Amino acid sequence: MTALTVNGRPVRFDVDPQTPLLWALRDAANLTGTKYGCGVGDCHACTVIVDGEALRSCLVTVAESEGRHVVTIEGLSRDRSHPVQQALVAEQAIQCGFCTPGIAMAAAALLARNPDPGVDEIKAALPNLCRCGVYPRLVRAVQLAARVARREETISAAPAPGISAEDAAREVPAMNPGNKP
Amino acid sequence: MQISRRGLLAGAAVGGGLLVAWSLWPRDYGVPLTPGRGEWAFGAWLKLGRDGVLTVAVPQLEMGQGISTLLPQVVAAEMGADWRQVAVEPAPVSGAYPNLPLAAKWAPLWMPLASGLADRPDDLVARRWAGEKGFMATADGTSLAAYERPAREAAAAARAMLCMAAGQRWGVDYEQCEAQGGLVMHGSKQLAFAALAEEAARFDPPDPPPLRSNPYQETATVGNPSQPVAYPRLDLPAKVDGSFLFGGDVRLPGMLYAAIRHGPAGDTELAGYDIRAGARALGLKQVVKARGWIAAVADTWWAAERALDALAPRWRTEGRADSGTIDRQLEEALTKGEARRILTRGDGDSNLGAPTVTYRYDLAPATHAMIETASATARMADGRLELWLASQAPAQAREAAAKAVGLSPNDVVLYPLAAGGSFDRRLEHDHAIEAAVIAAEVGAPVQLVWSRWQEMIAGRPRAPLACLASAWTAREDGTPQALRLRVAMPATTKEFGARLFGNKTAVAAREVAATGPDPLAFEGAGTPYGIPALAIDHVAVDVGLSSGRFRGNSHGYLAFIVESFMDELAGRVGREPLSFRMALLGHDPRLAECLQRAARLAEWDGGAGQSGQGIACWRIGDPEGEGPVARIACVATARAGEGGVRVGKLSAAVDLGRVVNLGIARQQIEGGLIFGTSLATGSAVTFADGLPAEAGLGALALPRLDDCPEVVVEVMRGDGPPADPGEIGAVVAAPAIANALNSAAGLRLRRLPLLSEGI
């Protein structure tokens, strides 16, 4: 059993210690937001944050992760409120969405260590492959996220999940059955 | 016999919901939607709940192109709904959602001997076939052409029913009521859709449904590329927090994980494997094998993959795919093969003598390289198979999986999931068959995920080809008066059709690869230009490699050939390539305007003096027909540098007819241009002895953020039916880049990818 911290919770993995962290997360912990695209580090779709650093989880074994703090896309925020998540939606910098979790994690790790990255730093920090071609929007999205993180700007592009019917009815007249003349 | 719509409605109501008669079908396919508690179905497209949630069923595969936003948007605009109340779910496989334009277009594939009977969308034969087969494929940019109208009619019927319910309460004529923002209004009175759902479902909709006078349209504000998005994509919030489910993300109780190996490309048979070494692999539960593959089932996917390493399968392969052989066969077919004429315009090439100029162009097989590998989840229990799958042709995938495990398609439930990219790769369904066979044998739910290597070795790349392009030009100014393309390539569309509709194996389907002609593989060969005489010849040849559909399809290779050749024809006589093209576009002022606008965006300098600028344009669709037409012009800035081609900037002006969602249109054009760039710089797969030389994504020279060109897109204000924005950008980039390289250094590259000639 290998013990580590995943999204703030202590976890013990009962898998072959040589299992890549990617597959322990996906198949043992059911954290399927972290994606498999190649298994050899080419695509960066499996990027997670390990002790503050963006790493490709296909290249790290469970054994090597022992005692470390791992954050996956599911742990980035509880309600899509991380500036990177909001900014990716605001810039519509997502198409099929398969590479998105890896991009979000790489960008979040960048902003955590550098609150005001330049264009070249952003490009260097996001080597993720995206075949739909959202690249032209990524630099803008990360810059927007940085401004939001620095509290220079606010955005609310992606609503929180699980809005109750009552809250929806308050916000949206069409969803208020009591909306009568 | 005329079937009364009222009769249809009465029959459908037995199912529980109320069918909105948005069109007359020769058969009744019922209401495929199952409303939840406090929710009512309004036909095959809509459910409305007393909580006000309006759920739109989308019968097309979401693979990034935004269709799961576009069709709900069409519904919301027509119905007068509030975008915040709109939810989306994938529609089940059903005859209620036939893709009629595609059924008509692909009639030669599903009815190879008598396609003339059904080549118009309103033909009863195509209609009946598409309905009976549940043909709802997502392909060839037909989504809006097929579904905008039915979605509008369903929404209009539902709006009328809501107005009827409100009108009855208020004692007013329903036709005097209006719906807007999710409210039905009359004078100062208003009622929310939420309050009316239950009553409205009891009314019969008017026939025909009262459509609003104009379909919804968005127009770009000139000079403001970041104008606010009126209808933000519905799928993005779930995609940004990891909760959006792809085929490999399904989790079922007791589910096991399967990895798979296919043998070398060719006619491959499993010859043996080391069962004793495999038995020692940790976590291995079972081995499942078929003629051409072997799968390991284990606790985790990685354990299954390691078990396959240990099993070390051995293969017996006839006719191993080999790039040297492919090149030789294309060469021989091109120079000696018997051609079939696909298209003649004017007098073709008769009585013309020797052409003024002939150049040869080549394309290597190109792989889709979507990031999500083939993934499917299957469960077999109580004589029923359940499949969780992303498929561009779900009915055909379901039928093939059913056949593989000896079930009727009616005993197979397919839960449609979205795809992590596709680019037409998910028109194939080998993995659905495999997952079904494995689940049936294991007796537990199984999730099959292909490794990246499997995508490389058992993919269906774009067909390789060789082309001799010849022109007869006017002596005074070099204007082409006749053009001939002689193309050697597999009959790739027929081969694909044999797999999709004939349920043939890849090897069996290749039997038609050498039987031309394949007109569907030459769509767009007429070129956008007013060249008086045209002759298009196809030499069909089986090159020993299975090929498949690919983003842009025929337009991808034809645009590269024609637009490279046009540049060369201009260059031979020292003419400026933009005005050279304009002179041949007098009959298509919209495309001419695209060229001018792209030139302005890019500050076009004529491509002279080693500027590194190149231009190309293209058109998808027939301006003479009634269908949608997409037009684009693109100026590329590129140089051959260290490590390959560096594309600095792509500026494109595009005319898509009426635009439904400007934000999505821009996304698609931008993304298409970058996808096209990847075809110019890489994406090729080469085979030696049945094995790909490129082991994975890292070997394909795909663009990343740091070498992505700057992209500037102008979406022009257009009219006419809305054209698909997904393919037109992807086909224009490669020739623009090739022309830019020629301008930069006089380097004319006539082979795709451009790198393959070695710079």
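Residues numbered from 1 in each chain as written. Chains lettered and ligands numbered in written order. Predicted model: local features only at pLDDT ≥ 70, side-chain atom pairs only at ≥ 80, totals over all residues. Heavy atoms only, no water.

Caption draft 1: Summary view of the overall build of chain A. Within chain A, the regular secondary structure consists of 7 helices and 5 strands. Each helix and strand of chain A, placed in order from N terminus to C terminus, yields the pattern β-β-α-β-β-β-α-α-α-α-α-α. C-alpha extents for chain A along the principal axes are approximately 65 × 40 × 30 Å. When the 181 residues of chain A are sorted by exposure, 57% land in the buried category. Here chain A has roughly 7400 Å² of accessible surface; of this, 47% comes from carbon and sulfur atoms. (Helix = DSSP H or I, 4+ residues; strand = E, 2+ residues; numbered from the N terminus. Buried < 20%, exposed > 50% of the residue type's maximum accessible area, 1.4 Å probe, protein only. Areas by Shrake-Rupley, 256 points an atom, 1.4 Å probe, with all protein chains shown as cover.)

Caption draft 2: Structural detail: the pairing of strand S2 (residues 9-13) of chain A. As defined by bridge partners, strand S1 (residues 2-6) of chain A adjoins S2 of chain A across 5 bridges and the pair is classed as antiparallel. Residue threonine 5 of chain A lies in a different strand from S2 of chain A, and its bridge partner there is proline 10 of chain A. (Pairing = 2+ DSSP bridges.)

Caption draft 3: Spotlight on the side chain of arginine 261 of chain B. Residue and element names in this part refer to chain B. Note on placement: arginine 261 falls in strand S8 (residues 256-262). Judged by its relative accessible area of 15%, arginine 261 is buried. Here the side chain of arginine 261 touches glutamate 305 through a polar contact of 3.0 Å, side chain to side chain. Not counting the four nearest positions on each side in its chain, arginine 261 is found in contact with Gly292, Trp293, Ile294, Glu305, Leu308, Asp309, Pro313, Trp315 and Gln454. (Polar contact = N/O pair within 3.5 Å; in protein donor to acceptor, adjacent residues only side chain to side chain. Contact = heavy atoms within 4.5 Å.)

Caption draft 4: Representation of the interface of chain A and chain B. In this complex, chain A contributes 60 residues to the contact, which on the side of chain B involves 78 residues. Approximately 5400 Å² of surface area, both sides summed, lies buried where chain A meets chain B, with 62% of it carried by carbon and sulfur atoms. It is Gln92, Gln95 and Arg131 of chain A in chain A that bury the most area against chain B; as a group they hold 15% of the surface buried on that side. Inspection of the chain A/chain B interface yields 28 residue pairs in polar contact (both at pLDDT 80 or more). Those elements giving two or more residues to the side of chain A that touches chain B turn out to be helix H1 (21-28), helix H2 (73-76), helix H3 (83-90), helix H4 (100-113), helix H5 (119-125) and helix H6 (135-149) of chain A. With 5 residues, H6 of chain A is the largest single contributor of residues to the side of chain A that touches chain B. (Buried area = accessible area lost by both parts, 1.4 Å probe.)

Caption draft 5: Fine view of the nonpolar core. Of all hydrophobic cores here, the largest spans 161 residues; its most connected members are Leu88 of chain A together with Leu673, Ile737 and Leu754 of chain B. Top contributing element to this core by residue count: helix H21 (residues 728-745) of chain B, with 11 residues. Counting residues in each nonpolar core, the second largest holds 54 residues, with Leu33, Val56, Ala91 and Ala146 of chain B among its members. (Core = buried A, V, L, I, M, F, W, Y, C linked by side-chain atoms within 4.5 Å.)

Caption draft 6: Seen up close, the sheet that holds strand S7 (residues 189-192) of chain B. Residue and element names in this part refer to chain B. Strand order in the open sheet made by the 3 strands is S5-S6-S7, with antiparallel pairing throughout. The strands lining the two open edges of the sheet, one partner per strand, are strand S5 (178-180) and S7. When the angles between neighbouring strand axes are averaged without regard to direction, this sheet yields 30°. Note that S5 and strand S6 (residues 183-186) share 3 bridges and pair antiparallel. Considered in S6, the bridge of glutamine 180 is made with leucine 183. Its contacts with the sheet put helix H6 (residues 143-170) on S5, S6 and S7, and the angle it makes with S6 is roughly 50°. (Axes fitted to C-alpha atoms, helices over the stretch in contact; angles between N-to-C directions.)

Caption draft 7: Focus on helix H2 (residues 67-79) of chain B. Residue and element names in this part refer to chain B. Across its 13 residues, H2 extends 18 Å between first and last C-alpha, which sits within 8% of the 18 Å expected from 1.5 Å per residue. In terms of burial, H2 is largely enclosed, as 13 of its 13 residues are buried. Backbone geometry just downstream of H2 places glycine 80 in the positive-phi region, at approximately 80°. (Expected span 1.5 Å × (residues − 1).)

Caption draft 8: Local environment of the domain arrangement of chain A. Residues and elements named next belong to chain A. Here chain A is described as being made up of domain 1 (2-76) and domain 2 (83-149). Using only C-alpha atoms to locate each centre, domain 1 and domain 2 end up separated by 20 Å. Taken together, the 16 residues of domain 1 in the interface contact 12 residues of domain 2. Both faces combined, the contact of domain 1 with domain 2 buries some 1200 Å², and carbon together with sulfur accounts for 74% of it. For the interface between domain 1 and domain 2, the tally reads 0 salt bridges. Summed over the shared surface of domain 1 and domain 2, the number is 2 residue pairs in polar contact (both at pLDDT 80 or more). Taken together, the elements giving at least two residues each to the side of domain 1 that touches domain 2 come down to strand S3 (47-50) and H2. Looking at the side of domain 1 that touches domain 2, its residues break down into 9 nonpolar, 5 polar and 2 charged. (Domains from an automatic or database assignment. Salt bridge = Lys/Arg side-chain N within 4 Å of Asp/Glu carboxyl O. Nonpolar A, V, L, I, M, F, W, Y, C, P; charged D, E, K, R; others polar.)

Caption draft 9: Expanded view of the side chain of serine 683 of chain B. Along the chain, the position of serine 683 of chain B falls in the loop between helix H20 (662-681) and strand S25 (687-688). Accessibility expressed as a relative area gives 1% for serine 683 of chain B, which makes it buried. If sequence neighbours within four positions are ignored, serine 683 of chain B has contacts with Arg131 of chain A together with Pro365, Ala366, Thr367, Ser678, Leu700 and Leu702 of chain B.

Caption draft 10: Here's a closer look at the environment of arginine 666 of chain B. Residues and elements named next belong to chain B. With respect to the helices and strands, the residue arginine 666 is situated in helix H20. Judged by its relative accessible area of 10%, arginine 666 falls in the buried class. Taking the C-alpha atoms as reference points, arginine 666 and valine 654, separated by 12 residues in sequence, lie 9.6 Å from one another.

Caption draft 11: Quick look at the packing of aromatic side chains. All names here are of chain B. Counted under the stated rule, the structure contains 22 aromatic pairs over all chains. Counting every residue linked through ring pairs, the aromatic cluster contains Trp106, Trp110, Trp129, Phe135, Phe496 and Phe501. Its guanidinium or amino end placed over the ring of phenylalanine 244, lysine 239 lies 4.8 Å from that ring's centre, counting from NZ or CZ. It is arginine 551 that lies over the ring of phenylalanine 675; its NZ or CZ is 5.1 Å from the centre. (Phe/Tyr/Trp six-rings, centres within 6.5 Å; stacked < 30°, edge-to-face > 60°. Lys NZ or Arg CZ within 6 Å of the ring centre and 35° of its normal.)

Caption draft 12: Structural detail: the confidence of the model for chain B. Chain-level statistics for chain B give a pLDDT mean of 92 and a share of 94% at 70 or above. For residues 1-27 of chain B, every residue scores under 50 in pLDDT, and the model assigns this stretch 57 contacts once sequence neighbours within four places are set aside. (pLDDT = per-residue confidence, 0-100.)

Caption draft 13: A look at the pairing of strand S19 (residues 465-473) of chain B. Residue and element names in this part refer to chain B. In terms of burial, S19 is a largely internal element, 8 of the 9 residues being buried. In this structure, strand S14 (residues 357-363) lies alongside S19, joined through 7 bridges in antiparallel fashion. Following the sheet pairing, threonine 358 is matched in S19 by serine 470. Of the pairings in the sheet, the one linking S19 to strand S20 (residues 480-489) comprises 8 bridges and is antiparallel in character. If you follow tryptophan 472 over to S20, its bridge partner there is alanine 482. In sequence, S19 turns back onto S20 through a hairpin of 6 residues, with glycine 478 there showing a positive phi of about 75°.

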